[in-house]
Structures are given as structure tokens and as C-alpha cells.
Amino acid sequence: MHPPEDGVASHRGELVVVTGMTGAGRSTAAKELEDLGFYVVDNLPPTLLRDVVRLVDETRGYEQPIAVVVDVRSGSFFETLQANLAQGATGRRTTLLFLEATDDVLVRRQEAARRPHPLQAGGRLLDGLHRERQALADLRSDADVVIDTSNLNVHQLTARVAEAFGAPDNLRLKITCTSFGFKYGIPVDADLVADMRFLPNPHWIPELRPMTGRDEAVATYVTERPGAQDFLAQYVPVIQTVAEGYLREGKRFATIAIGCTGGKHRSVAMTEELARRLRELGFDATATHRDLGRE
């Protein structure tokens, strides 16, 4: 166990509840939280949540951040977990981290690990996954942070957890602006989704086609098209309004997904510009690009 570092000073006294789908990376997330200075308890029955917090308070002090991993094997105890979180029963600032992935990815991971699903009950692996999604549906809707690990390797997931829980500034809303291609599907962890297909596509301009939205020529072309500046000018205030509400409700992380057809030109350029404008307004905003390079 690593002692808390200054880098997680703003997470002192925080309780992170890690849950989500089997095979989505709960153990990886827990290991990273431990490296970040959290006291980690794996596979905790929710009924013992308050006892663990009390013991850590007594032995390590209230400032010691805690992370507990709760999975579907807890069964009906999930109702106890939701009640405790809703009532603030632990007395700590609590963040619910939910990890998920698509069924096909989870099947591949479980088959590679040669492990049956805990809810499989002698049936198909997919049957267990569907039962698990149903059991976790309410927790998924209440989650403060959702990470879709379908396209993430271990190192990328570790970086996402470190980004969320290792930054020293925890007082502002942390916004992740991510570009994506509609033909690859909408990001499941998106809080807000915007469609850039109303802008002309640089794909049809031969000299711009091989470039991406990160290239100055493409970025200039996209942001100077009719409607681009109007969209940014009107969408940023929407985000500001939503951000104020999120903070009032205790939600400190938001994902804004900006899409175009393939996730290469328009969405990338607009995502970079949106993140830049949000940073100028004082938000902790970063730009990521889910499908860049996928073509």
C-alpha cells in the first residue's frame, strides 16, 4: 500500500466505489487507484461499506482516500449499496466509478481468461452478461464516472483512471471532449453528444483528405465553414449551464462527444477548438480522439 501523495491531495477523504461489468477492467482500475494512494478493498460486500470506512478513519485518519471494488457477486446487497450512497451514509465525499464494455469484447476477454461468468448459471456466457447488465442498470445510471474500456488496453485504462483521480485540482468540473465517428457507434460514456455532419466534409477535398482535424489546414477549413462558429458560440454556454448543474449535484466529471462520419476531420477539429474555448473559461478540459487513425 502506497501512502497518499501530494498529487491526490484533493482526493483526501474521498471514497471511490468501483463497479461495472465482469471483464471490463475493475482489477486494473483498483490497482491504479492503489498506486495513486487509495486504500483499496476488493470484492467488498456492500453491507460492510460503512464498517470499512470507520476502520480506515480510526487507523489511518479521515484524509486517507478509500477505494472499494463491488461486483455482481454481491447479489441483492447492491440495494444496500445504492441506499448507502444515496443517503451519504459513509460521511465521505463519494464517487461511483462504473466500468463497462461491449458484449463481444467482454466475451472475448472472458474466453481468453477461461473463466465462466458468475451469473452464467450453466448457460451461455452471453446470458450471464445480460443478467449482469440488468442487475447493474441502476448503478450505471447513478455513476459519476463511466469508462468504456471496449477500445482501451491496460495502459490506456490506467491512464484514464489516473486522469480522473490523480489530478490535484478537484474543485472544477473535469471535462473530456472526445471526437468519434458515427459509423463506429456513439460513445456509451458520453454525457452530451453533438453532430458535426452539418459541416462540409474535408474528405471530398483531395489535398485535405489525407490530413486530420489536428492539422492546421483542416482545422481552419472546418472552423471557417458557415455555421461552425455559430455552433461553438451557442454550444459553449449550454455546456456552462450543464456544468453548473453537475457541480451542484456533485457530479465532477463530464464527457462531451463530438461526432462526424468517420471521426477524422470535422469532429476532431471541432473537439480541439471546443476544448480550447472551455479551458479559456477556466474548465479543466482535455481533447481526446476515439477513432482517429482507425481508417
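This structure is a prediction, so every number in the text was calculated from the model and none was measured.

Is there a simple way to think about unusual backbone geometry in this case?
Excluding glycine, most residues fall at negative phi; most peptide bonds, likewise, are trans. In this structure, N43 is a non-glycine residue whose phi angle is positive, near 55°. Given a relative accessible area of 36%, N43 falls into the partly exposed group.

How should the pairing of strand β4 (residues 93-100) be read in this particular structure?
In summary, the side chains of a regular strand alternate between the two faces of the sheet. Burial analysis of β4 places six of its eight residues in the buried class, the great majority of the element. Alignment of strand β1 (residues 14-20) against β4, held across seven bridges, turns out to be parallel. Across the sheet, the residue bridging to L15 is T94, located in β4. As paired elements, β4 and strand β5 (residues 145-148) share four bridges and run parallel to each other. Note on β5: the bridge partner recorded for L97 is V145.

What am I meant to see in the sheet that holds strand β9 (residues 284-289) here?
Across a sheet, paired strands are connected by hydrogen bonds in the backbone, their directions being either parallel or antiparallel. Strand order in this open sheet of four strands is β7-β8-β6-β9, and the pairing throughout is parallel. Every other strand in the sheet has two partners, leaving β7 (192-195) and β9 as the edge strands with one partner each. Direction aside, neighbouring strands of the sheet carry axes that sit 20° apart on average. Direction of pairing for strand β6 (residues 174-181) relative to strand β8 (residues 253-260): parallel, over a ladder of eight bridges. For K174, the partnering residue across the bridge sits in β8 and is F253.

Sorry, what's going on with the side chain of R266 here?
Relative to the assigned elements, R266 resides in helix α9 (residues 266-280). Of the side chains bearing the opposite charge, D195 lies closest to the buried R266, which forms no salt bridge; the N-O distance is 6.8 Å. For R266, the side chain forms a polar contact with the main-chain oxygen of L199, separated by 2.8 Å. When near neighbours in sequence (up to four residues on either side) are disregarded, R266 contacts M196, R197, L199, P200, N201, P202, V222, C260 and T261.

Hey, could you run me through the nonpolar core in this one?
Note on soluble globular proteins: their nonpolar side chains tend to be buried together. With 44 residues, the main nonpolar core has V16, V18, L33, V68, L97, L99 and F165 as its most contacted residues. Apart from residues lying up to four places away in sequence, L33 is in contact with V16, V18, F38, V40, A67, V161 and F165. Within the second largest apolar cluster, 30 residues are counted, among which are I175, L208, V222 and V236.

I keep staring at the UniProt feature "binding site: ATP" (unreviewed entry) in the protein chain and nothing clicks. Help me out?
As recorded in UniProt, the feature "binding site: ATP" (unreviewed entry) lies at G20, M21, T22, G23, A24, G25, R26 and S27. Among the secondary structure elements, G20 is positioned in strand β1. Judged by its relative accessible area of 0%, G20 falls in the buried class. Each residue touching G20, except ones within four places of it in the same chain, is listed here: R26, V70, F98, L99, E132 and L136. By secondary structure assignment, the location of G25 is in the loop between β1 and α1 (26-35). Leave out the neighbours within four places in its chain, and G25 touches L99 and L157.

Sorry if this is basic, but what is going on with the pattern of salt bridges here?
When their charged atoms lie close together, side chains carrying opposite charge are able to pair. Scanning the entire structure with this criterion turns up 19 salt bridges. Residue D57 is joined to R92 by a salt bridge in which the shortest nitrogen-to-oxygen separation is 2.6 Å. A residue pair is termed long-range when its members are at least 10 positions apart, and D57 in helix α2 (residues 49-59) and R92 in the loop between α3 (78-87) and β4 qualify at 35 residues. Accessibility expressed as a relative area gives 28% for D57, which makes it partly exposed. Overall, R92 belongs to the buried group, its relative accessible area being 6%. Between R124 and D127 there is a salt bridge, with its nearest N and O atoms 3.2 Å apart. The exposure class assigned to D127 is partly exposed, which follows from its relative accessible area of 24%. A single salt-bridge network, built from bridges that share partners, covers E273, R276, R277 and E280.

Would you mind showing me how to read the sheet that holds strand β3 (residues 66-69) here?
Sheet architecture is open: five strands sit in the order β2-β3-β1-β4-β5, paired in parallel fashion. With one partner strand each, in any of the chains shown, β2 (39-41) and β5 form the two edges of the open sheet. Across this sheet, the average inter-strand angle for adjacent strands is 20°, counted without regard to direction. Sheet topology places β1 next to β3; four bridges connect them, and they run parallel. Note that in β3 the partner of V16 across the bridge is A67. Packing against the sheet, α1 makes contact with β1, β2, β3 and β4, and its axis sits at approximately 160° to β1. The sheet strands contacting helix α5 (residues 125-142) are β1, β4 and β5, and the helix crosses β4 at an angle near 140°.

The rules we used
- Residues numbered from 1 in each chain as written.
- Predicted model: local features only at pLDDT ≥ 70, side-chain atom pairs only at ≥ 80, totals over all residues.
- Heavy atoms only, no water.
- Buried < 20%, exposed > 50% of the residue type's maximum accessible area, 1.4 Å probe, protein only.
- Helix = DSSP H or I, 4+ residues; strand = E, 2+ residues; numbered from the N terminus.
- Pairing = 2+ DSSP bridges.
- Axes fitted to C-alpha atoms, helices over the stretch in contact; angles between N-to-C directions.
- Lys, Arg positive; Asp, Glu negative; His and termini not counted.
- Salt bridge = Lys/Arg side-chain N within 4 Å of Asp/Glu carboxyl O.
- Polar contact = N/O pair within 3.5 Å; in protein donor to acceptor, adjacent residues only side chain to side chain.
- Contact = heavy atoms within 4.5 Å.
- Core = buried A, V, L, I, M, F, W, Y, C linked by side-chain atoms within 4.5 Å.
- UniProt positions renumbered as here; feature names shortened; annotations may be inferred.

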